[in-house]
Structures are given as structure tokens and as C-alpha cells.
Amino acid sequence: METLEIVSHKCVTATSDEGPSLALEACYDLHIGRPLWMAENNDVILTDPEVSLITGRISTTPMGKPVAVTHIGMLDAVYAVTDSEMFVIKRGEDEAEFVGSIDCGILAASWSPDQELLVIINGNNDLVCLSKDLEPIFEHPVISEDFGADAPVTIGWGKKETQFQGSKGKLANQPKVQDAEVPYDHQNPSISWRGDGLYFATSTFEHGRRVIRVWHRDGTLSATSERVGGLESPIAWKPSGSLIASTQRLPHRHDIVFFEKNGLRHGEFTLPFDKDEVHVKKLAWNCTSDILAIWSISLKEGKFVQPPSRSYLQFWRRCNYHWYLQQELRFDTESSSSCWLTSFEWHNEDGMRCIVGTSSHVMELTFRLNTIDSGKWKNDGRHSSVVAVPDGSRLHITPFRRVTVPPPMFDSCIDFNAPLVAVAPYSISSEFSGEDNPYSVGDGDIIAALCSDQSISIWSRCDDQNKRKIAALGKLDTLLPLPAHHRVYRHIVICDDIIFVTTRIDHASHDKPTVDTVHALHIEPLHPPSAEISAAHTNISRGSVVVPESETKSNETHRLVYIGNSRLQHIFESSSSSDILACCPHPKSARTILAESITGHIWTVRVNEVTSVNEHGTVSSTKYLIESQLCSIVTQLAAPCPHIVCLPLVENNCGSTTPTVGQIGSFCSAMTSEQNVKEQPMNVDRSLNSQNSRSCSQHFAIFGISQAHKLVANESFITDGCNSFSHNCDFLIFSTHYNTCRFLPLRPELLSHHTQLTDEAKQKEYDHTVRAVERGSRIVCTPRNDIRVVLQMPRGNLEVISPRALILSRAKSLLDKRAYADVFFMLRKHRLSLNLLYDHNPATFEEHVQEFVHSINNAQHLNLFIMELKDEDTTQTMYSVAYKNRPQKSIVSDKVEHVCQLIRDACIALDESSLLETILTTYIKLGSRGIEIALERVLAIRDATPPPEQPSHVQDDRVRAALKYMLLLVDVDVLYNEALGSYNLEFALMVAQVAQKDPKQYLPFLNSLRQEPLHLRKYRIDMHLRRFVRALADLAEAETDHLNEAMELMREHSLYAEALRLFGNASVDVRENITKDYANFLTSCGRHEQAGILFEMAGEYDLAVKAYMHVLNWKAIFGITAQRKISRSDESRLAHDVGESLKVAHRFEEAGNVLVNYADDVVAGINAYVQGRIFDTAMLIAKRHERQDLISSVISPAVLDTLQALTHQYQELRSLMSSRVTRLGIVRAEKAEKQRLAALGLLDRDVIFDDAADGAASDLYSDASTVRSRRSDGRMTHTSMHSRTTTSAKSSRGRRKHEAKKFSLKEGGIFEEEALVHSIHQLVAQVDRAQQDIHSALLAGVRLGYSTAVDELQDAYASCRQFIHSILTTVWPNVAVAASSTQHTFTATSQQQGPTKTRPSENVEEEAEENVPIPPRPVFTRTTSWQVVTERYKNIPKGRNSSRPSKH
């Protein structure tokens, strides 16, 4: 639903010494970007790139009529072809060079799009192909009787000729050709190339009709068109290659017809002319294949007239299989400033630029596609979002706020007398708006329409065809007396009661080019509302032309009055800086628009009203003055934009929506950084930044899309890849080439920094500011105060979406007004969480919960809200993007229960009977406990005494209805079981009947229950419902009658703890039996310590001792022996068994204590102490029991063996660390060398990781894994990572195996470096942990006189520690280690250091760094606390523990 609009108009007068020079053939010089053309005297005329001055004229020999002029980029020359000769004009030369001629003449010529071939049809109807050097390639007749190489092939069956149709049917099916007479055909051939240059088409006149042929570029005939009567000479092949356009004259109409590449017809559309009104002279497609230009000239009584009385240049676009006439340029020779169309050509690379040649001037036009939306300039809801689409002399109207109608259909239309060329929506500023404004143009949606006959009309209430009326009518050629070459009206903007129109006018100085000028027209009421205003308007001083009263219609309410114009060149030294590219109204300032130049500069154009007061204090006259100055919002945009809009930006803390003004960017700072501004402006618009004292600050920003598809906001870029944008009161909405639609809040943060929005794949899970749309979608409009966005697909059909960003914004505003019903139905319709009703403002909801229930006023809707509740704050999770600036708050974990209680209380207070279902839902939402309470409430209703006047069946029906509703939410069996669990058999029967259960399933069981006593009935019900604890309680109530049955139930379901509680008052024998059974159960579960306690409580001391033996609780064991006073021999035997078990568990100190104190076996005890290397305690026991022989025979040899074993151990450990440090250095050196060679390009990346590395890596993963090796450059998918994770860690054994393989020390492994560092880390930890054991062994050696062994052990251990200090910086280079305190030892650090768990990475290199981390450098202190004094070690430092880290 886009409209083609003229955005730029440049013109230059084409004159020669003899007078005006007709531009007969034109083209573009792509190296400079300037147009050039061949005049009627065969001179080639050159202009500047701005198409403002003629810069050169190259003379040629006038030898015939120009046929083709083309600039060849590879040769940087212009080739001109006349009807007999060919010329080449090289850059920098003053004369054309003659390069050849054809004696029989040249009828048609055309260069291929790649500028490699020149195809000519000569006077003998021969097809001649020349290279770019004009060397002949092929030549043959253009007329052929053959169809071509692509002739259709049939196999002789399935045709209509083979089917029986009768004689009349066969005659009826024969193709009928309407051979309309074409008296205007000049019988010359035409040529047109396809965009890729592989094919070209020719149109030739033969046997009284036109034939189109398709040729391959090598001269091979491809196809011939079907026989079409009335075909004319113009031909144009669509650059995309799908269609070939031509014209057909029929007896009753004039059509544009299309052909496919195979010559078959493919659609048409009718020109808006009478039968013999015009003759089509040329068809031309733009380079993007979306605009078809048609050049036609009028006929006088069916005959050619030179010059033609009227020329037409029409621009057509196709949308949804319908062709729209969207622009028409008329050139009339009967007017005062007569001119006619002489040439036309599209730009080769820019599909929106063309050059138009007339009899008096040459102009360049630039177009843009724009959507005419009545809400485009407005930021309030006082419009119907009317989208208008011009289609010739009809204006299609669709108010999208009321109805969605896809094109080419429409809601209503307005008919005009001439084709439309411009349509402008109405804009009203906040300063001008008001119901009592006497200058108000009208109400509703207002548009202005400009036709090609220069008539302009203003329509009010265009959204309603029953109330639509014309407000004003005028003729621009009368209001604006301009020459013909300046009557191209652009950027029409209706702001308040002023119409701003942009045209070109001649500069005051004749040596300077034309400049853009903004004209202002006042929409003046014909009948002023007051005498004072009427008197003022009788003396308006403007020197303008008014539409005569005789020309106005009786139903018109306004007239158009010309105020004046404002040329903007005085602000800039360069004229190009004042060429207007776009205009838009200011949302606040009255009668003010913002104009943008082609350099991106912004200025304001304002119409000021100046009144004069006479001596009586009344208004005597009113003057309107138009002025322009640089804009204070921003002086220059980040990039020029063909379409701009000015929008207010509201602060986050602004609670009011009243517009105020704030300044975005300082004018002074912008001026100092602006290099294109040559001189300071005379005055600057300061009123836009007034009233800054209001509490709610509102700024303004100018948005637009540059030609590079970048979304611009003032001096910054928001994003790239943008193809359309719109806005509503809260959001800037734009679509991108990434097939997404974005929604950004209209706040000043948009201008603070560049927003990175190009990466669409890295969005949050709940980011509702992004919406995926169909490829190529563009925004049509966004109805204000609505949640919809209208999108148009590339084919033309419409799609209406309701983005969540708009829904949430609308919901927030409605919830602030407590419009709960509107929000509820909106959220339900668009499937958003209803939790937002509470989470938006919990305090307000709790305070007005009755208002919420009353506004919904429907039990089903309230039930839906309750069932969607969940214990989370959706404003912090699901919809956190819409509540970014909201402070974090915590929702209580019992939110569901709390809200259910609120709703329940509100329903009870309002109407309990009608909202019973909602009350039951609040219980059911709580789960099983809530279902039980709900049934109790229904049961209470059933048992309640009804009022006397109420029929008996009413209460029963109410209960049944409640049960039926509960069955919708709860499973039938669950509800029946809950009813049965109430022990009310009648109620359970009712539930079963309502649930329509099979009576065979419940009647026998219920009948049998009726025969049981109460406690047995409860027992059977609880057993049926598997409520075993309640069943055991029921049996406990039966006392001893069912004791055996209770014991069986206890043992079957392990209800021992409950049995002890329930049978606490039973006999001693019963309690002891329960205790024994409980103890045996715990023993079978492996909980021996608790079982021993229970056995001890039950008096089973032997079983208690056995239970304590399993956990080696020797204190409890000997406590029992002391209590039972067993014999010393039995205690000694028991102590030996306990001691041996403790030694097996490596609890040597406890074993020695038991053997010495309870077994009275000193030898066995000392052996236990010696075995645990507890030598001081062993010697203490030997001396206390006067067994010196044990010192020499047991303790002394053990000490010596220990010293020698430790010495050997740490000598080997130092050698092992040395070898691994050496290997680590080799591995790192090899890796660094390979990386260096690879960086220099001397080694392939695949060689860095050899086969051994890949093999080591493959050992880490299962066969099902698809993780690539380091040789592969591919990426690992989510599926492959999941496969590796699930197959490598199925069990704890598999995980341990997996972790062990990571730290494999196999040489050449992929993780060898990490494994070596991990191994060294473990060895260092082992050395550091052995300080206490070393110190104890050294003291024992010194005491027994083994000084040599003691010194050797000290040497070995000291050497090992010193070696560790020396290698720390080698193994862990460039790691700063802070001095640690004594309570942060390496041992504690290593114990806290666990395996690092990281997420799966995308490749093996990252996984090697994450899943096999290098352990951190240990804190290894210099300490001497482990040393002892000997003859060799006499100078031990006094400080036994130095916390200084190593200096190495």
C-alpha cells in the first residue's frame, strides 16, 4: 500500500543560440552521475551532476535523427547512433568522432545491459550485432517464418483436437484474433534487452500486424509471440526477466499487454484514456522492475499533431496483481508556458531516478515509496489510521482502525477529474489543537489531494463515506504562478491551517541555478465564527491570489490563500545544501514544519500570525509571515533520509502524558562540529525549547531511514537493515531485512548510544521487543491506542499482528486505571499469562480485589484466572523486558494460596451462591488438601438445613452441579476417593453417581462397608485408599482385638515409628515386640547404630553388641559389658575382636587403647601404636608397664624402618617431580613452536594436532559422540553435545573413568600439558600434607639415637620442598600469589578445590580449556616446623612457621 512520490526535482533549460533545443535522446554518465542528451541538431549536451547548469556542448555533423545514445562505462565514452551514422564522444574531447555508417539506414539500435553488444536493425530488416568496438558478430534477417528453438512440443494426445466436441464446439474453440486498425504505427522495429543480457526481444511490423520475437544474444531465434491483433510498436522487457510489455489497441480500449519469454500472453491492464485519445510512444521499466513508465501523446481527431497538444508521462506499479497509476506528468502546449515531452530515460543503477526531456527544459526526478497514513504525523488516538492509495483518478480509502481490507480492495474511494499525483495527511500541533479554535479545518481524518491538472482539494471525515465532505478547493497553477518547468509540486504537508508546498524557482541571480522553495497556503474559513475575526480577515495583507468566489462550491467551508514563500539558500553558501529531501510537521509548534536537505541538515519553516490593533483595542488587520531557520532539535541528521518524522520522547519517571518540550542536543555544539555550514544563521528557532520548567520533561527526536537502510535518530544510528518504520504513543516500531519487527520505547535512551540490534540470534528467551515476521514484510501502519500492527507482504497481501510489546504496554496502562475486565479479555485473547493482573501491582489488586471480581462477573472467567496462577512474578521472569525499570521485588512463595484466599473472600462477600464454582476452584488449585476442603464445603451444603420456602430438590441439584464442575478439574477416581475418604458413604455414592461410574465398581464395596463396625469400616476405606498410617490408627483404636493384623500391617509397610507412637500406651510386651521389629528393620537397612540403640532398649544386649560392632562403636560396646558385669575373660576376648577390627579400619590409636585398657594385652597394644607410627604413645605405654624390652624389640626397629622408608619415598618423589617438570617444558616448547610456525604460515593448522592427539581425544568420548577432532573446522551441534553428555556419564563408574582419562599422562596426548600440571599439583599437595608425620618420625628417631637416619630423612624431605619452591614459577608462570595466613594453607586450598564443571563448548579447543582446567598455583610456604635439632641441623630458625611464600 505504498505510493510513489516525487522527492527531488532538478531542472535545467535546454537552449541553443537559435532558441530552445529539443532533447531527443538522453542517458546517464555513470562515472560522474550526470545526465546528457542529444539535441535535434545532433549536438550532445552535458550538465553538471546537480542538473542545474549546462557545462558543455559537443557538436556533431547533423546527419539524421538520433536513434540511441548510451554511455559505455568500460570505454568511458558516449556512443551516439542516428538513423544512418554512428559517433563516439570520448571524455575531454570537444568534437564527436565519426566511427561508421550503414547505407541502408538504421531503424532501431540498443546496447546490451552489460554494454558488450550493440544490436541494430537496418533498413533491409536485417538483424546486425556489433561488439563494443563495433566489430560485426552476426547478421541475418529479423523476420523469420520459424517459431524458434523453444517451440512447444506435443506428443499427439490429450489435445482438444482429439476430443469429440461437435462441429459448433470446434468452431467455438478456435482462437479469435481481434485485428484492430492501428493507423498510428510508424512501422519501425523496436528492440528491448532482458536485464541479464542473455536475451533480447524485437517488435517488427509484417503482414499488417506486429510480431514480437525473442532472440538469444548469439543471434539464435528463441520464440515468436502468439498472434495478437492491434499490437503496437513500443516494447520493454522487464529487467527481472518475467514479462515483456507492449501496447495493444482494441476497438473499445487501449491496453498494456504482457508476454512471457515463450511468446504467450500473460495479463494486461487498460490505460485511462478513450479509444483514440492517445498514442503510446515509449514503455520503460526501471532497473528494479517495479515501476513501468508510459510515455504517450494526445491525438487530435485521431491524427498526429506536431507538436502534440498534450503529453503524458505515467508511472505504474503493481501490487497484489493490480496495476496502480500513481504518478502522472502532463505537458500542455495550449497553456501560456507551453512545452511537450521529447525524451525519457531511467537511471541505469538507481530505480528511483529518471531524466525527462521537454521542448524547453530537461529535468531529473527522484522518487520514493511512502505510505499515506493519516496517523503518520499524529501521536494521539484522534484518527482512524486511514491509509490512502492513489489509483489514477481514484483514491482508495481504508481506515485500518475499523476494518482491514487487503489491496486492491478498499473500504471506500474518492473520484477525481484527473489522476492524483500527491496525497498528504493532515497534522495538527499541540499548540494549535482545541475545540474552540476558529481556524480548525474540520474534524476526523483530513487529507489533501493534488491532481495532475494542478487542482488541489481538502477533504474532511474521509474515513466515513457518509460524512465525507470537501472543505476547500483550489488550482495551484493559479495560486502559484510558476513556469511550466517548475510545476512539479513536492513535499505537500498540511500543518494546522497551512499547506506547505515545495517547488523549484529561479534564483534571483541569473548566473546561479534554481533552488528549492517552500510555499505556504492558508486554509481560510469562508464564514469566520466572529465579527472580530471576520474584520481581521478582510484586511489580510499578503499580496496573494485567492480562488474566485465563482469557482467555489456551495458546500465548501474554506478557501485557499497564498501567503508567501521562503527560499532556504540564504542559510547555506552551497545551493545543493538547500535542496529539500523530506518534510514533516512539528508535533508541538503551531504552523511549523521541519525540512531536511539532501545533506541531512534540518531547519524549521514557520508561518507566524501578526495582528494589528487599532485605537479602539480591536484587531484591525492580520498578517502572515513565513520564516525559516536552522532547527534546534538537531542541525544535521546522521545520514540524509528520504522520509522523516518528528516524535516526542518521554522520560521514564514521567507520569503525565501532557507534551512538553526539551532540547535534544545543543545548537551551539552542533554548529561548531558542522563543516558544511559556511556562515552562521541569522536566527535560530528557540521556541521549540521553551517551557523547560515543567516537571514532566519531554524531548523530541527526528527519525528516518537513510538510503542505506539505516534507521536514524537525530545524530545517531539505531540499527541497519531497516526497511520500514512506524510509531505509536509508546514505541518506535520498525521492520528489518532480518525478517524481524522491533519495538523500542520512545524514550531519550534511544539517543544516548548506538543500539546493537543486528544480531537477531542472541536475544533473550522472553524478549518481547522482537517479533519474527515473514520475509520481506513492511509496516503499513500502526493504529494508535491499539495493539495491532498492519504488515504488507511482498506480493501485496496484508497481515495484522498483535505484538506482545504493544499488548503489554496497553495492559500496563489499563491496569493503572484498574480496567481489569479489558485487560483480562485482551490477555486471554492473545494467550498471555493472566498472572499479570496480580503481578503488575499486588498491593492495588489486594486492595481492589472485590472490584476485580465484580468487573469480571463471570465464574468461568474467574476460574480461568485462578487456574493460571503460579508462584512466580511474571514481571521479573516472563515479561521482565516490559518492566525493565521496575525495582526488583520478591513474590512470596505462597502467592497462589494468597490470591486464592483473596478471590474466595471476595466471592463470598459478593455472591456466594452464583460464584460457588469459583470458590471451589480456589480450593482445588491448592492440590490434594484443597480438594478435600472443597468436598467438605460441598458436603456442608448438602447437610445444611434448607429454608422452608425452598423446594427440597434445589439443594440436591446445587450439590450435584458443584460435583459436576469439580469433575471437570479433578480426575473421577481422585474425587471419588476423596469423597470416600470422608467416611460418608451416602456422599461417596452421590459422587459416584454424578461421575457416572459403573455401579459394579462401587456398589458391592459400599454395601459391604455398611455391614462393618465404624472402626473396621474406616480401616477398610483407608486400606482401599492406601492410607496405611490412618489404617494403622484405626486398628489401634480397636485395641487388642486386631493386634496381629496391626503388626502385619506395620511389618508390610514399615510403619514402625508410627506404631511406637500409636501403641505407646499398650502393654510392655507389645512395645518390646515393636521395638525388636523396628531394630531388625534398621539392621536390614544398614543403619546399625540406631538398631543397636533399639536392641539395647528392648533388652537384647547381644544383638546390640553385634550392631555396634558393625560401626566399631567400642565405647557403647564396653558400656554394655560394664552394665551387664560380664567376666574379665569374656571382656578381654571381646576387646581383642574390637581391636583387630579397628586396626583393619586404620584406627590404630583407638585399637591400641582398647587392647591395653580392656584386653590387658600390652604387647598387642604397642604393636597397634607402632603400626600407626604413634611412637610417643607406644613408648609411654611400655614405660608405664615397665616393659623396656618392648622398646628395643618392637619400637626401635619400627622407628628405624619408618625413617628409612620415608627417606626413600621422598627421594623417589623428587625424581618423579623432576622428570615431569622436564616433560612439561618439552611439551610447552613444542606447542609454542608449532603455534609460531602456524602464525607465520609455515605450518598448516591440521599439523598442529597430530594423529596421536586426535586419538587421545577420541578416547574421552563414546562411539555415539559426534564431537569433532581438532582437525575439523566444523561446529558441534546441540545434539552432538547432548549425545556425548548422556553416553559418557551414565553411571558414577563411567564418570570416574571419564575423569581419569582426562588426566592421562600418555606422551603426545591432547591433554598432556594439563595432566602433567595436575600430577605435579597432587605431588606438591602430598609433600605439604606430610609435615606432621615427618616431624613425629624425626622426634622418635632422635629419642632412640638414630641420628644418621634422622639426618638422611631431613635431607630428603628438605630437598623435596626446596625443589618444589624452585619449580613453582616454571609450572605456573606469571601467576601472582598473595601472602597467605596460617589458616589458608595449601592443604585446605587443595581440599576445597573440586572438579570444575563447565558447559559444553562448541569445539574441542574450548573444551580442553574448560573441562580440563589447569589447577591454580599452590600456596607453598617456607616453614621449618617439621625439623628437629641434630648435630647437622643446629641453626633452625626460631620462627617455626614462616608464612612467606617462595621467592622463586
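What you see is a predicted model, and the numbers here were worked out from it, not measured in a lab.

(A) Main features of the overall build of the protein chain. Of the regular secondary structure elements, the protein chain holds 39 helices and 59 strands. By residue count, 51% of the 1448 residues in the protein chain fall in the buried class. By sequence separation, contacts in the protein chain at least 24 residues apart represent 57% of the contacts at least 6 residues apart. Looking at the protein chain as shown, the accessible area adds up to about 66,900 Å², and 48% of this sits on carbon and sulfur atoms.

(B) Region of the structure containing unusual backbone geometry. Residue P307 follows Q306 across a cis peptide bond; omega there is -5 degrees. You can see P307 is positioned in the loop between β25 (292–298) and β26 (310–319). Cis rather than trans, the peptide bond between P407 and P408 has omega equal to 10 degrees. By the element assignment, P408 lies in the loop between β33 (394–399) and β34 (412–415).

(C) Seen up close, the confidence of the model for the protein chain. The share of residues in the protein chain with pLDDT of 70 or more is 80%, and the mean pLDDT across the chain is 80. Scored below 50 in pLDDT, residues 530–554 shows 47 contacts in the model against residues more than four places distant or in partner chains. Scored below 50 in pLDDT, residues 1248–1290 shows 63 contacts in the model against residues more than four places distant or in partner chains.

(D) Structural detail: the environment of K1143. Considering the arrangement of structural elements, one finds K1143 in helix α26 (residues 1128–1144). The exposure class assigned to K1143 is buried, which follows from its relative accessible area of 17%. Between the alpha carbons of K1143 and Q1171 there is a distance of 8.7 Å; along the sequence they are 28 residues apart. In contact with K1143, other than residues within four places in its own chain, are F1148, A1151, A1168 and Q1171.

(E) Main features of the side chain of R461. Along the chain, R461 turns up in the loop between β37 (455–460) and β38 (469–475). Given a relative accessible area of 19%, R461 falls into the buried group. With near-sequence residues (within four places) excluded, R461 lies in contact with D443, G444, D445, K467 and R468.

(F) Local environment of the sheet that holds strand β14 (residues 126–131). With antiparallel pairing, four strands are arranged side by side in an open sheet as β12-β13-β14-β15. Two strands close off the open sheet at either side, each with one partner strand: β12 (106–111) and β15 (136–141). Here the strands of the sheet are splayed against their neighbours by 15 degrees on average, with no regard to which way each runs. With five bridges joining them, β14 and β15 adopt antiparallel strand pairing. In the strand pairing of β15, L127 is matched with H140.

(G) Spotlight on the pairing of β33. Burial analysis of β33 places five of its six residues in the buried class, the great majority of the element. Adjacent in sequence and paired antiparallel, strand β32 (residues 386–391) and β33 are bridged by two residues, among which G392 carries a positive phi angle near 70 degrees. Alignment of β33 against β34, held across four bridges, turns out to be antiparallel. Across the sheet, residue L395 finds its bridge partner in β34, namely I414.

(H) Summary view of the pattern of salt bridges. Applying the stated criterion across every chain yields a total of 57 salt bridges. R402 is the partner of D411 in a salt bridge, and the nearest nitrogen-oxygen pair spans 3.6 Å. A residue is classified by how much of its surface remains accessible, and R402, at 51% relative accessible area, is exposed. The partner of E1100 in a salt bridge is K1076, and the shortest N-O contact between them spans 3.2 Å. Note that E1100 is positioned in the loop between α23 (1088–1098) and α24 (1101–1111) and K1076 in helix α22 (residues 1068–1084), a separation of 24 residues in sequence. A single salt-bridge network, built from bridges that share partners, covers D29, R34, D76 and R91.

(I) Representation of the nonpolar core in the model. Counting 86 residues, the largest nonpolar core has L837, F852, F865, I903, L963 and L980 as its most contacted members. With eight residues, helix α16 (residues 985–994) is the largest single contributor of residues to this core. Residue contacts for L837: discarding those within four places in its chain leaves L815, Y820, V823, F824, L827, F845, F852 and F865. By size, the runner-up hydrophobic cluster in this structure holds 50 residues, among which are A1178, I1191, V1317 and L1323.

(J) Structural context of the packing of α24 against helix α25 (residues 1114–1124). Viewed as axis vectors pointing N to C, α24 and α25 meet at an angle of 160 degrees, and their least axial separation amounts to 9 Å. Taken together, α24 and α25 sit at an angle that is classed as roughly antiparallel. In this structure, α24 crosses over α25, and the sense of that crossing is left-handed. Contacts from Y1101, D1102, A1104, V1105, Y1108 and M1109 of α24 reach α25 at A1116, I1117, I1120, Q1123 and R1124. Here the contact of α24 with α25 is composed, by residue class, of eight nonpolar, one polar and two charged.

Rules of the game
- Residues numbered from 1 in each chain as written.
- Predicted model: local features only at pLDDT ≥ 70, side-chain atom pairs only at ≥ 80, totals over all residues.
- Heavy atoms only, no water.
- Helix = DSSP H or I, 4+ residues; strand = E, 2+ residues; numbered from the N terminus.
- Buried < 20%, exposed > 50% of the residue type's maximum accessible area, 1.4 Å probe, protein only.
- Contact = heavy atoms within 4.5 Å.
- Areas by Shrake-Rupley, 256 points an atom, 1.4 Å probe, with all protein chains shown as cover.
- pLDDT = per-residue confidence, 0-100.
- Pairing = 2+ DSSP bridges.
- Axes fitted to C-alpha atoms, helices over the stretch in contact; angles between N-to-C directions.
- Salt bridge = Lys/Arg side-chain N within 4 Å of Asp/Glu carboxyl O.
- Core = buried A, V, L, I, M, F, W, Y, C linked by side-chain atoms within 4.5 Å.
- Parallel < 35°, antiparallel > 145°, perpendicular 65-115°, else oblique.
- Left-handed = near helix turned anticlockwise from the far one by under 90°.
- Nonpolar A, V, L, I, M, F, W, Y, C, P; charged D, E, K, R; others polar.

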